[in-house]
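What follows is the residue order along each chain.
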Amino acid sequence: MRQGSLTLLLGLLCAVLSPVTSVRGAGGSVSLIPVALAAAGRALEARESESEFLNNGEVAAVMDTMQVTATWAPLTIEKLPETLTVIDGSQIRRRGATDLRSALALVSGVEAVPGGDGGPAASVPALWGLREFDAFLLVVDGVPWGGAFVPDLPTLDLNDIDRIEVLRGPAPITYGSTSFVGVIHVIHRGPGSGAGAVSVGGGSFGSFRGSASADVGTRGRISVDGAHEGLADDDAGVDRIHGRCRLELPRGIHVDADVAVVNQEPTSPHPRAGQELDPSIPTDANHNPSDAKLDRTRLQLSASQSHPLVDWTAAFSHVADENVRGFLHEDAQDDGSENASGYTQERDFNEFYAEAHRRIEPTPRLGLTGGADFLFGVGKEESHNFTYYAPLDGRDRTSSDAGTLVENTEFEAERAFLGIFAEADWRPTREVTVLAGLRFNNVEEKREGEAEDEEGNEMPAEEKLSKARFGGRVGASWQAWETDGDDATLYVDYRDTFKPAAIDFGPEAEVDPLKPETARSVSLGVRTNLLDRRLHVDASVFRMDFENLVISTSVDGRPALRNAGKERFDGFEIDAEVAVTSEVRGSANYSYHDATFRDYAQVFGDDTEPTQLDGNTLELSPKHLASAGVAYDGPQLFGEGFLNFVGERFLTKRNTVSADGYVTFDAAAGVHLGQVDLRVAGHNVTDARDPVSESELGESQYYRLPARSIEVGATYHL
């Protein structure tokens, strides 16, 4: 009932707003939408059509895309002094990608493993060797998606995608202290794209999905989709329904409405026993209470305008959660006694985002941008923590009502980011582009928490935090060589930024703020287009010095977050893409990441003295990543296959336990039958079930890759 009502609300919203555009366009006069709809979506630049991108036979054509993530200046990717990769929507649809792992599979240096404590609909991306749940920024159609607290990955929708831009390293000017090691910017098709489709599909574990997207007149676009995603664990899965309406109103005002309902039955991480994951516990055993759930409803309204005086964006989002979770204790015994801790929880998040800037060109070679942005978030949670018995084989699970209440907690946090920025883009010659910017960041936080034990004893607490700091960047690119359409561009970049530590909305009412994280990074690289621009290669090296990294740990048997002193991230990344013919493309990439502690000591288990971790590699950070793929898109047939390699990685901070490297293979193939495409896709065909992320709630427990899945589907192009 709730899902149907939200979908109806979205449809009515589009129906009410669409006539406004047509009346105005005909010369009539109508008032604009209510101020409540003044929410976000920075105006996106026009790009080449998808058909041109697919058929012109030039891999380098994507480098001429006008990016909207790295800088306010209207620069193509080729001119940027940093590494930014574009994944075209056609690639995502061709490979049948429904999650970030598949969508970003051929982006060098990026790991986007699915699942984690956020549930099977979430993921835990890693960039530059750092896997931290809020170290990167997720942006959707120009608006930070959960930017005030944690990126809202469970509600991310990849239906009707135009492209995804992936920026490695911080974005200290455009997104300030909310972006740290990268930005993943998902951009959907806008009104007037003319590409409508209806798709259905189904596959392994009882999964099925359907979607539809189309223009509404000339100034509107609507997309809807729904799915049930089954998993190898029969007690886990995801049900989702989503709708998006995008409108182009008079005077260049763009309005978006987005509604998502994602109901998850979560999986469980696998406990470690000594040097390996416990072999006595079945691979897909579920240790949650029988009524476990992670139910999320998200509503976002946004608006933007590219005005002659100022470009502005505003957005409001509301998220409501209902959660029931549970995790085994460390060294849990299967003797009928309570061996797990769980919680029932209700959470609410409200965020408001506003940004305005203006760019001028005093001379044809110089652009100046100035502006400000503001991001405000309020989050509340109420939890009831309990202990319970969970059979280690995952069968005959009990409900949360059968547990023993331990404590009740309440927690509320407010967070406000204010940024004032200035940026200059200077082109002293046709071959040289210089970017420089400075940003003043001010962050205000307030946290209130209260815990009540089983005897009714209350323990309230309150903390406030205020932090002001400048951030900035300077970089340059130089086209060092050009002949007969081929070229080579060198680039170098320095960035300095900081980020307030994550706020934990878990079952514990932790009010003590951690120290802000800070990072200074330098990168340099070369881009080259060869073979009449059919071969594109981008290679770069980087170093990032980090302080106060937020890590998860255990205090008195309960999960907690702590700062981790100093770290250093060094790396080398190279990716190549070649157009063999106008129908066949190949790509390959390799990255080397060295993520190490430089000065951090931690007390482990029953130790009385802290262990110095200087020189140790961060856990679950592989040194070697590689991938390779080939794609074919012909008049009758299409398909794509790709391999991903993830190297050996440590499972513990003391580097005493490691996991072997693994390889995954994904493939999709289909046939064009007039307006209908038929497709079969296989994900993780090798059925690798290796540990890929560590739980922050279950001590020494790790989530595995999802099992192999096969899906067949059909798409009718309108």
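Up top you'll find the structure we're talking about.
These remarks concern the structure in this document. (Residues numbered from 1 in each chain as written. Predicted model: local features only at pLDDT ≥ 70, side-chain atom pairs only at ≥ 80, totals over all residues. Heavy atoms only, no water.)

Here we look at the sheet that holds strand β4 (residues 137–140)
Strand order in the open sheet formed by five strands is β1-β6-β7-β4-β5, and the pairing between neighbours is mixed. Each of the sheet's edge strands pairs with one partner strand only, and the pair in question is β1 (84–88) and β5 (143–144). Note that β4 and β5 share two bridges and pair antiparallel. Residue pairing for β5: Val139 is matched across the bridge by Pro144. (Pairing = 2+ DSSP bridges. Helix = DSSP H or I, 4+ residues; strand = E, 2+ residues; numbered from the N terminus.)

What about the pattern of salt bridges?
Per the counting criterion, the structure on display carries 49 salt bridges. Arg473 is the partner of Glu82 in a salt bridge, and the nearest nitrogen-oxygen pair spans 2.9 Å. Within this pair, whereas Glu82 is found in the loop between α2 (50–55) and β1, its partner Arg473 is found in strand β21 (residues 458–483), the two being separated by 391 residues in sequence. For the pair formed by Glu82 and Arg473, the shared burial category is buried. Of the charged contacts in the structure, one is a salt bridge between Arg347 and Asp321, with a shortest N-O distance of 3.0 Å. Of this pair, Arg347 sits in strand β17 (residues 340–363) while Asp321 is found in strand β16 (residues 311–328), placing the two residues 26 residues apart along the sequence. (Salt bridge = Lys/Arg side-chain N within 4 Å of Asp/Glu carboxyl O. Buried < 20%, exposed > 50% of the residue type's maximum accessible area, 1.4 Å probe, protein only.)

Things to note about the side chain of Arg131
Looking at the element boundaries, Arg131 is found in the loop between β3 (123–127) and β4. Here Val124 takes part through its backbone oxygen, which lies 2.8 Å from a polar atom of the side chain of Arg131. For Arg131, the contacting residues outside a window of four places in its chain are Glu111, Val113, Val124, Pro125, Ala126, Leu620 and Val692. (Polar contact = N/O pair within 3.5 Å; in protein donor to acceptor, adjacent residues only side chain to side chain. Contact = heavy atoms within 4.5 Å.)

Notes on a negative patch on the surface
Taken together, the side chains of Glu346, Asp348, Glu382, Glu410 and Glu458 present a region of like negative charge at the surface. Along the polypeptide, Glu458 turns up in strand β21. Residue class for Glu458 comes out partly exposed when judged on its relative accessible area of 49%. (Patch = residues over 30% accessible without salt bridge, like charges linked within 9 Å, V, L, I, M, F, W, Y side chains within 5 Å. Areas by Shrake-Rupley, 256 points an atom, 1.4 Å probe, with all protein chains shown as cover. Lys, Arg positive; Asp, Glu negative; His and termini not counted. Charge placed at Lys NZ, Arg CZ, Asp CG, Glu CD.)

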